Amino acid sequence: MASNTFNNELQNGQARIQLDSPLTMPNATSFLWNSQMVAQINCRGYMTAQFMQPEPAKYSYAPNLEAKTFIQPEQPYYADHPGRFFYIKNEETGELFSAPYEPMRIELDSFSFSAGTSDVKWVIHKWNIEFTITLSLTQDKVVELWSVDIVNNNKQNIHISIYPCFSIGYMSWMNQSATFDPELLGIVATSVTPYQKVEDYFNNQALKDLTYMIADQTPDSWCCNLLTFRGEGGMHNPSMLQQPSLENKTACYETPVGVQQFKKILVPNEKQQLNIIFGPANNLDEIKQVKAELLASKAQFSQKKQEYSAYIHQGKGSISITSPDSDFDQYVNHWLPRQVFYHGDVNRLSTDPQTRNFLQDAMGMIYIAPAVTRERLLLALSQQKFSGAMPDGILLSEDAQLKYINQVPHTDHCVWLSICLQAYLDETNDISILQETIGYSDSAEINTVKTHLDKAMEWLLDATDERGLSYIEQGDWCDPMNMVGYKGKGVSAWLSLASAYAIKCWVYVCETYLSVNEQNECKTQMQEFMAAADLLNLQVNKYCWNGDWFARGITDDGNLFGTKTDNEGRIFLNPQSWAMLSNAATRQQYELINKQIFEQLATPYGVTMLAPSYTQMREDIGRVTQKSAGVSENGSVYNHAAMFYGFALYSKGKNDLAFDVLKRMLPNQKSAKAQGQLPVFVPNYYRGAYYQHPHHAGRSSHLFNTGTVAWYLRSVVEGLCGLKGSGDDLLIQPQLPSHWPSLKVQRQFRGANIELDIIKSDIVKQQVTTMNGFVFKDNKLSNLQAGHNYKVEVLLPTQKLSLPKLTIVMGVSGCGKTAVGERLAKDQNHVFIDADNFHDMDAKQKMASGTPLNDEDRKPWLARIMQFLTMLLDNRQSCVLAYSGLKKQHRQLFTQLGFELTIVHLNVSENTIATRLAQRENHFFDPNLLSSQFDALELPSENEGVISINADKSLEDIVRQINQEISND
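Residues numbered from 1 in each chain as written. Predicted model: local features only at pLDDT ≥ 70, side-chain atom pairs only at ≥ 80, totals over all residues. Heavy atoms only, no water.

Asks: Looking at this structure, I do not really get the overall build of the protein. What am I missing?
Replies: In terms of helices and strands, the protein carries 25 helices and 46 strands. Its C-alpha atoms give the protein a radius of gyration of 31 Å, near enough to 30 Å, the size a compact globule of 969 residues would have. The buried share of the protein, reckoned over its 969 residues, is 60%. Put simply, of all contacts in the protein between residues at least 6 apart along the chain, 69% involve residues at least 24 apart. Total accessible area computed for the protein in this model is approximately 37900 Å², and 47% of it derives from carbon and sulfur atoms. Across the protein, the centroid of the 83 positively charged side chains sits 3 Å from that of the 105 negatively charged ones. (Helix = DSSP H or I, 4+ residues; strand = E, 2+ residues; numbered from the N terminus. Rg over C-alpha atoms; globule rule 2.2 N^0.38 Å. Buried < 20%, exposed > 50% of the residue type's maximum accessible area, 1.4 Å probe, protein only. Contact = heavy atoms within 4.5 Å. Areas by Shrake-Rupley, 256 points an atom, 1.4 Å probe, with all protein chains shown as cover. Lys, Arg positive; Asp, Glu negative; His and termini not counted. Charge placed at Lys NZ, Arg CZ, Asp CG, Glu CD.)

Asks: Just to check I follow, could you spell out the side chain of R356 for this structure?
Replies: Mapped onto the secondary structure, R356 falls in helix α6 (residues 355-364). Leaving out residues up to four positions away in the same chain, R356 has contacts with H410, D412, H413, W416, D476, W477 and D479.

Asks: Teacher, can you tell me more about helix α12 (residues 523-544) here?
Replies: Side chains that are three or four residues apart share a direction in an α-helix, a result of its 3.6 residues per turn. For α12, which comprises 22 residues, the first-to-last C-alpha distance of 31 Å matches the rise-based estimate of 32 Å (1.5 Å per residue) to within 8%. For α12, the elements touching its buried residues are α9 (449-462), β24 (470-471), α10 (493-513) and β27 (560-561). (Expected span 1.5 Å × (residues − 1).)

Asks: Help me understand unusual backbone geometry in this model?
Replies: Glycine aside, the phi torsion of most residues is negative, and most peptide linkages are trans. Going from Q53 to P54, the amide bond is cis rather than trans, its omega being -15°. Its place among the elements puts P54 in the loop between β5 (47-52) and β6 (56-57). Cis geometry marks the peptide bond from E102 to P103; its omega dihedral reads 0°. With respect to the helices, strands and loops of the structure, P103 is situated in the loop between β8 (96-99) and β9 (110-116).

Asks: What should I look at first to understand empty space enclosed by the protein in this one?
Replies: Empty pockets left among the atoms are what a rolling probe the size of a water molecule brings to light. All chains considered together, the criterion is met by four cavities of 30 Å³ or more. Within this model, the largest cavity holds a volume of roughly 120 Å³. Tallying contributions element by element places helix α16 (residues 655-664) first for the lining of the largest cavity, with four residues. Classifying every residue of the lining of the largest cavity by side-chain character gives eleven nonpolar, four polar and two charged. (1 Å grid on protein atoms, 1.4 Å probe; cavity = no way out; pocket = protein on both sides within 12 Å on 5 of 7 lines; lining within 4 Å. Points joined across faces, edges and corners; volume = space filled by probe spheres on them. Nonpolar A, V, L, I, M, F, W, Y, C, P; charged D, E, K, R; others polar.)

Asks: Looking at this structure, I do not really get the nonpolar core. What am I missing?
Replies: The nonpolar side chains of a soluble globular protein tend to be buried, and buried together. Counting residues in each nonpolar core, the largest one holds 253 residues, and the members touching the most others are F328, Y712, L869 and F894. Beyond its immediate sequence surroundings of up to four residues, F328 is in contact with I321, F659, L662, K663, L666, Y712, V716, L720 and W740. Among the nonpolar cores identified, the runner-up in size contains 17 residues, and A825, V904, I949 and A951 belong to it. (Core = buried A, V, L, I, M, F, W, Y, C linked by side-chain atoms within 4.5 Å.)

Asks: In this structure, what is going on with the layout of surface pockets? I would like to understand it.
Replies: Its boundaries defined by the atoms lining it, the second largest pocket holds a volume of some 1400 Å³. In terms of lining residues, the second largest pocket is bounded by 44 residues, among which R570, E599, Q600, P612 and N837 are the most central. Sorting the residues of the lining of the second largest pocket by element identifies α14 (587-601), β29 (602-603), β31 (610-611), α19 (817-828), β43 (831-834) and α20 (841-848) as the ones contributing at least two each. Looking at the lining of the second largest pocket, the element that brings in the most residues is α14, giving six residues. In the lining of the second largest pocket, the residues fall into 16 nonpolar, 16 polar and twelve charged.

Asks: Can you help me understand the sheet that holds strand β38 (residues 768-771) in this one?
Replies: Each strand in a sheet pairs with its neighbour through backbone hydrogen bonds, running either in the same direction (parallel) or in the opposite one (antiparallel). Spatially, β21-β36-β37-β41-β38-β39 is the arrangement adopted by the six strands of the open sheet, whose pairing is mixed. Bordering the open sheet on either side are β21 (319-322) and β39 (774-776), each of which pairs with just one other strand. Within the sheet, the average angular offset between the axes of one strand and its neighbour, ignoring direction, is 25°. Relative to strand β41 (residues 789-797), β38 runs antiparallel, the two being bridged by three bridges. The partner of V768 across the bridge, within β41, is L795. (Pairing = 2+ DSSP bridges. Axes fitted to C-alpha atoms, helices over the stretch in contact; angles between N-to-C directions.)

Asks: Can you help me understand the pattern of salt bridges in this one?
Replies: A pair can form between side chains of opposite charge whenever their charged atoms are brought close. Within the structure shown, the criterion is met by 40 salt bridges. Linking D140 and K141 is a salt bridge whose minimum nitrogen-to-oxygen distance equals 3.9 Å. According to the relative accessible area criterion, D140 is partly exposed, its value standing at 47%. Between R618 and D620 there is a salt bridge; the shortest N-O distance is 2.7 Å. (Salt bridge = Lys/Arg side-chain N within 4 Å of Asp/Glu carboxyl O.)

Asks: It is not clear to me how the pairing of strand β1 (residues 6-11) should be interpreted in this structure. Could you clarify?
Replies: In regular strands, side chains alternate between the two faces of the sheet. In the sheet, β1 pairs with strand β2 (residues 14-19) via six bridges, with the strands oriented antiparallel. Along β2, the bridge assignment pairs Q11 with Q14. Connecting β1 to the next strand, β2, in antiparallel fashion are two residues, including N12 with a positive phi near 55°.

Asks: Just checking my understanding: could you explain the side chain of N406 for this structure?
Replies: By secondary structure assignment, the location of N406 is in the loop between α7 (370-382) and α8 (415-428). Relative accessible area serves as the criterion here: at 4%, N406 is assigned to the buried category. Look past the residues within four positions of N406 in its chain and what remains in contact with it is D352, P353, Q354, D392 and G393.

Asks: How should I be thinking about the packing of α10 against α12 in this particular structure?
Replies: Axis angle and axis distance: for two packed helices, these are the angle between their axes and the distance between the axes, and together they describe the pair. Viewed as axis vectors pointing N to C, α10 and α12 meet at an angle of 160°, and their least axial separation amounts to 9 Å. The angle between α10 and α12 falls in the class roughly antiparallel. Handedness of the α10/α12 crossing: left-handed. Residue-level contacts link A493, S496, L497, S499, A500, I503, K504, W506, V507 and C510 of α10 to M526, F529, M530, A533, D534, L536, N537, V540 and C544 of α12. By residue class, the composition of the contact of α10 with α12 is 14 nonpolar, three polar and two charged. (Parallel < 35°, antiparallel > 145°, perpendicular 65-115°, else oblique. Left-handed = near helix turned anticlockwise from the far one by under 90°.)

Next comes the structure, spelled out in structure tokens:
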């Protein structure tokens, strides 16, 4: 096995990521889609697929309750989860194994799971035979294309049987059956969608209630009955595979399965191929047609896969980078635009996508197919109410209905209109869209897009309380915050800030893209909008600033939440990010906010959405508090929110912090074990609750539906590469992280091709942008012509940055480390970290019971501290750490991190500490362990350079002396 958990590579210009074991990341997945379906496949062979008819449906089912859901966060896999398995039997010895790995879990000679942009592939070796299994789709049909290539690497003939075993599962309680169709030469399973109303019968007639499994070869035997196939051996060792042949019997009102036997005799070095199609159909004629199109010849089958690859390649994006970080390049150049394309191309396979999702997904498409963004904006506005309000979901067809979450009133949907429109205009300069005329969902009146946007901004301003703060109703962007304002009084600080930002985006659009006459006509209105946005910012500061960060909102009962007084949900990320975007936060406030983000929200896996996670229901906030701590919106690293933070950081020129947000969203070798995901997509979240549940933190949700990616791509284009349109111009203002000496960018912009070579140099003190020797003083390219090539060079000044500082305040428990460390951090404006917070529950319980920790107990604790400090170092954050530092070998670990290190030892007598511990309440440390602390303490030697302080005095005197000692050094 390779030394890395997974490997990035390029094959024929296409990205592939390979996993060399089914055990290291057992839940690793990839996904494929087209306009009619989406499928997520697990490296071990489990699979979940969904298609539109016209609502989301399945053709391969798990047990009935699970069948009502699609790809879930942290999708559970279990014995009866749908899968695509291949049992292989050595006909000479009777030995069996299954590929890709499930369900038999037999050790393989070698294994690779390879995710490509348009296929998924396994290469498996067993018995000196090579098996290559490939999954692909077609461009526009609901059908899976499977290929099995077999190569005999033995010096003698081999005789094997291959048994493709595809789950069909419990489909319906009505007319469920399956049989082998002699004309189709494949298995066809049938069910009838249950109905109770007469009209349902007529509506359901067009549904695809058949599931078929057909190969390009005639099977030697077949089985349709799951129960008889499994027998007493179960899926791990099916009883029927002990027989020479399958039973060739129909399943009648029994749970069906698709299993076929193909006997193969291969001479040495011979290669054979088996192709299979699997999918749903309405009737037998449809299956015949699909078979004729796909399985008439191997060349035809291969052609369909090539057409699918070309379809996926349409989403290649408009930017390509070459940086010092090749893994990052591969994600940005191949996987990121692919995921953006999925969202924007098929609307997450929904007939009523949430308005916020619909618009943000459309925003991402400006870098792939901007015409799609235009069409989506106009469609969304056509469903706006005359009042300016937007619906909770956008109906994509006349028959579609708002369902589930889209029947719950949320208040943020108007915000995304101006944000998406600004991004579209900056990319295209398509000013004609502003004069497009559209109707409303509840009025015969027709207005321009500009008027629609004016109404949306006015609606945001009208939907405020007497304080001027935005109502939340049953949720804003955070859906499960559904009980803050259900009585009609609760308000959202985040939405108030987002409204201010959205209004400013709209004013920018009008000032940049309207004609001079049009600007003059609406000048007063724009001034009023700007004044209203500034007032929103002012009111949020007045009612929601708690001294160090912005609160999340005010409940129906008038309770400010997301503040220092909250034990759980003390700080939320979104208000801090959008206060930066809306300019509600001053520079001084930003510094305070940033310190709190790193003290409370930052983790090695990214920035959490809130902290600490809720552990019990809070009825004035809602369902978010019922979710498991660290999962989903309840304090996970919710990447959509984290990306808002990254985008905001780029808006403030915080290059290193912003880039770190981008990097931590990508699974990497160091965190692969915790995350369990390949870097083929950004998931909607990684588990949080870093201090509450450290052993679970970082786990990926494996859910690829997320609004994160549109903002990610925009942050790469506009922030990192600094290539943003504005009116007729292209602004060039790259923001490279400090450790990158250079960056090459290829960018398609309004039909022009731009090659950008960015280099840091000591010879310049500010950015210098040149093309053909001409220096652009304003760093703008103007009058770009479609079809022309532009080679631009950018020199950036080299950043000379000092090392971040790490001050460790050490000593036995009760010496005052926390109090001293907090005060030092506040005085120096450094991040404060308390090592006690990194103990897991087992260690805390052990100490609380009176048992001292040993070195083995301390290893994971130290590892978490070091991991967190490394994260701070990557972000160039100076910090103060309160840490016992009892062992010299442990103290020496900190010298290797790269900080400018200072260690302060608080020296206090044992009697004094005993008195302090006796007075301390609600702490896990048992005072009876004090003597063990002194026994374990290895006093610092002179060559360690430790500052020793007599801490048997007042806090003010201790801190004053430490600051003086540090300044003297």
